Amino acid sequence: MAEELNPAVSDPAADAADPEVPAEAEEPIKQRKNGLYPGVSDELAENMKSGWADTELHDLEPIAQAAETAARRAALSARFPGERLVIPAGNLKTRSNDTEYSFRASVEYAYLTGNQTEDGVLVLEPKGDGHTATIYLLPRSDRENGEFWLDGQGELWVGRRHSLTEAEKLYGIPASDVRELADALREATGPVRVVRGHDAGIEAALTDKVTAERDEELRVFLSEARLVKDEFEIGELQKAVDSTVRGFEDVVKVLDKAEATSERYIEGTFFLRARVEGNDVGYGSICAAGPHACTLHWVRNDGPVRSGDLLLLDAGVETHTYYTADVTRTLPINGTYTELQKKIYDAVYDAQEAGIAAVKPGAKYRDFHDAAQRVLAERLVEWGLVEGPVERVLELGLQRRWTLHGTGHMLGMDVHDCAAARVETYVDGTLEPGMVLTVEPGLYFQADDLTVPEEYRGIGVRIEDDILVTADGNRNLSAGLPRRSDEVEEWMAGLKG
Ligand SMILES: [Mn+2]
């Protein structure tokens, strides 16, 4: 970052170096981005250096999860003795021209530090039997060289950062200037691994020292480490779910406004709750009215909302610490299910009940999926949509024309959490207390599916809850939202007043 400072300010003499070259062509991009064109007088540059109060914060307490992040780093250290481990937060990504997407740190970095700052890097340096950790961050903006007001990432533009001393207190990790890290990594010797895909500059500094295979082992370890949640994480997931419940209530209260506009009104309403109570939505909200419910990842949300149709709302609030809920309800837009909607809904409900009942310690991960699929196959045979017997349907997977997707997934800092975990620890694994997963069966009859009676076409139902595996079974973290069809109708009537 330092090398991109405005040379005219760092070195006032450079300003008038060569009159033939337009000054603008030599301006660093960051300065131009902010509309600051040449013309900063020496007097102004000098003036801006001083007259600023010392705002160092002295009474900072460690973040709430400092003990947990320390334990996570200790587990990582034990797995890779004698090796340097580099875990970047990632960098800002350009949205267009000089605007960036809102930043979200890599889950690996946030999980190990509790910090979420762009360009941050956690490094575990081998020492003795273990490692020493250092968190590399951009320090406070320098007032002396003008960085704070002339650099696009200066504090005047993007807000105050924590000083390195403050960061040490907050995260319980010694902090250093990240601008010196790439050179240090280039010069360092000994085995090293990096979490790839987040910080091209850091990866470039390590390019001759790492291999894809060894780096993948690091990524896999950090994904599997998150399979079992600690108490802090479970508390955060419950917070995410509780905010999500309120977001669903918000939506029900404004369904008449959505009918007058579009699915976007639902998306915006839920987003308001997510931004006020949390960090963001954990994934693009699926606000699917009518036949859009049959499009599994419907996020365009630009369709009409009509009385008599169903609304499939799949949305989750992400907390300030990045833990997200993932909840789906399929609601009658006018408050009452039709007979056929109810028949299909109740079948999905029964499948979900069977799925949730199969979530317990010692059960295979696949059990809840199998349990839910069996119920759905039974109903499809019963309704005459597919020829039985049920065993044949399940064996050939014929129910999947209408059930489409897996019945759930791990949930945490990613909505599809632990995605890099090996098959043997996840999909072919065994449930343990502390795991949190979704149970979300569905039935979807596409609008153009000629194999089902016409009245089924365009109906899609999914019910999704967030389930914690406990020592003796499970706890539904999203039980605050009614699921049974009659309870859903009663709940909606109460909210619509
Ligand atoms: Mn889900």
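These figures come from a predicted structure and were not determined experimentally.

Visitor: If you had to explain the coordination of the manganese ion to someone new, which residues and values would you point to?
Guide: Put simply, a metal with four donors set out as a tetrahedron has ideal angles of 109.5 degrees, and one with six donors set out as an octahedron has ideal angles of 90 or 180 degrees. Within the protein, the atoms that donate to the manganese ion are Asp326 (OD), His409 (NE2), Glu440 (OE) and Glu464 (OE), at distances of 2.0 to 2.4 Å. Expressed as a motif, the donor residue spacing for the manganese ion is D-x82-H-x30-E-x23-E. You can see Asp326 sitting in the loop between β11 (317-318) and β12 (327-332) and its partner His409 sitting in the loop between α19 (400-403) and β13 (436-439), a full 83 residues away along the chain. You'll find Asp326 and His409 in the same group, each marked buried.

Visitor: Please set out the packing of helix α5 (residues 66-79) against helix α12 (residues 212-225) residue by residue, giving values where relevant.
Guide: One way to put it is that α5 packs onto α12 with a least axis distance of 11 Å and a crossing angle of 140°. By the angle between their axes, α5 is oblique relative to α12. Between α5 and α12 lies a crossing whose hand is right-handed. Where α5 approaches α12, its residues Ala75, Leu76 and Arg79 are matched on the opposing element by Glu217, Leu218, Phe221 and Leu222. Tallied by class, the residues present in the contact of α5 with α12 amount to five nonpolar, no polar and two charged.

Visitor: Before we move on, could you go through the packing of aromatic side chains and cite the residues and values that matter?
Guide: Within a pair of aromatic rings, the relevant descriptors are the distance that separates the centres and the angle that separates the planes. Across all of its chains, the model carries nine aromatic pairs by this definition. Judged by centre distance (5.3 Å) and plane angle (70°), the ring pair of Trp52 and Phe148 falls under edge-to-face. With a gap of 96 residues between them, Trp52 in the loop between α4 (42-47) and α5 and Phe148 in helix α7 (residues 147-150) connect regions that are remote in the sequence. Relative accessible area serves as the criterion here: at 42%, Trp52 is assigned to the partly exposed category. On the accessibility criterion, Phe148 (2% relative accessible area) is buried. Ring geometry for Phe248 against Phe270: centres 5.9 Å apart, planes inclined by 85°, an arrangement best described as edge-to-face. Note that Phe248 is positioned in helix α13 (residues 231-253) and Phe270 in helix α15 (residues 263-277), a separation of 22 residues in sequence. For the pair formed by Phe248 and Phe270, the shared burial category is buried. Chaining the aromatic ring pairs together yields one cluster made of Trp383, Trp402, Phe445 and Tyr456. Sitting over the face of the ring of Tyr322, Arg104 holds its NZ or CZ atom 4.3 Å from the ring centroid.

Visitor: I'd like to hear about unusual backbone geometry, residue by residue, with values.
Guide: With an omega dihedral of 0°, the bond running from Gly388 to Pro389 counts as a cis peptide bond. Along the chain, the position of Pro389 falls in the loop between α17 (367-382) and α18 (390-396). Phi at Asn97 is positive, roughly 50°, even though this residue is not glycine. Take Asn97: it is sitting in the loop between β2 (94-96) and β3 (99-100).

Visitor: Help me get a handle on the sheet that holds β13, residues and values and all.
Guide: Strand order across the open sheet formed by three strands is β13-β16-β17, with antiparallel pairing between neighbours. In this open sheet, the two strands that pair with only one neighbour each are β13 and β17 (473-476). The sheet shows a mean angle of 40° between the axes of neighbouring strands, direction not considered. Relative to β17, strand β16 (residues 465-470) runs antiparallel, the two sharing four bridges. Residue pairing in the sheet places Thr470 in a bridge with Gly473 of β17.

Visitor: Account for α15, naming residues and giving values.
Guide: Turn by turn, an α-helix covers 3.6 residues, leaving residues three or four places apart pointing in a common direction. With 15 residues, α15 extends 22 Å between its outermost C-alpha atoms, agreeing within 8% with the 21 Å of an ideal straight helix rising 1.5 Å per residue. Taken together, the buried positions of α15 are occupied by Glu263, Ile266, Thr269, Phe270 and Ala274. The arc that holds every buried residue of α15, seen down its axis, measures 135°, which confines them to one face. Counted as exposed and oriented over 90 degrees from the buried face of α15: Leu272 and Val276. In this fold, the buried residues of α15 make contact with α13, α14 (255-260), β8 (280-281), β9 (286-289), β10 (310-315) and β11.

Rules used in this analysis
- Residues numbered from 1 in each chain as written.
- Predicted model: local features only at pLDDT ≥ 70, side-chain atom pairs only at ≥ 80, totals over all residues.
- Heavy atoms only, no water.
- Donors = N, O, S within 2.8 Å, 3.2 Å for Na, K, Ca; no water.
- Helix = DSSP H or I, 4+ residues; strand = E, 2+ residues; numbered from the N terminus.
- Buried < 20%, exposed > 50% of the residue type's maximum accessible area, 1.4 Å probe, protein only.
- Axes fitted to C-alpha atoms, helices over the stretch in contact; angles between N-to-C directions.
- Parallel < 35°, antiparallel > 145°, perpendicular 65-115°, else oblique.
- Left-handed = near helix turned anticlockwise from the far one by under 90°.
- Contact = heavy atoms within 4.5 Å.
- Nonpolar A, V, L, I, M, F, W, Y, C, P; charged D, E, K, R; others polar.
- Phe/Tyr/Trp six-rings, centres within 6.5 Å; stacked < 30°, edge-to-face > 60°.
- Lys NZ or Arg CZ within 6 Å of the ring centre and 35° of its normal.
- Pairing = 2+ DSSP bridges.
- Expected span 1.5 Å × (residues − 1).
- Arc of directions from axis to C-beta.

Structural measurements only, silent on function.
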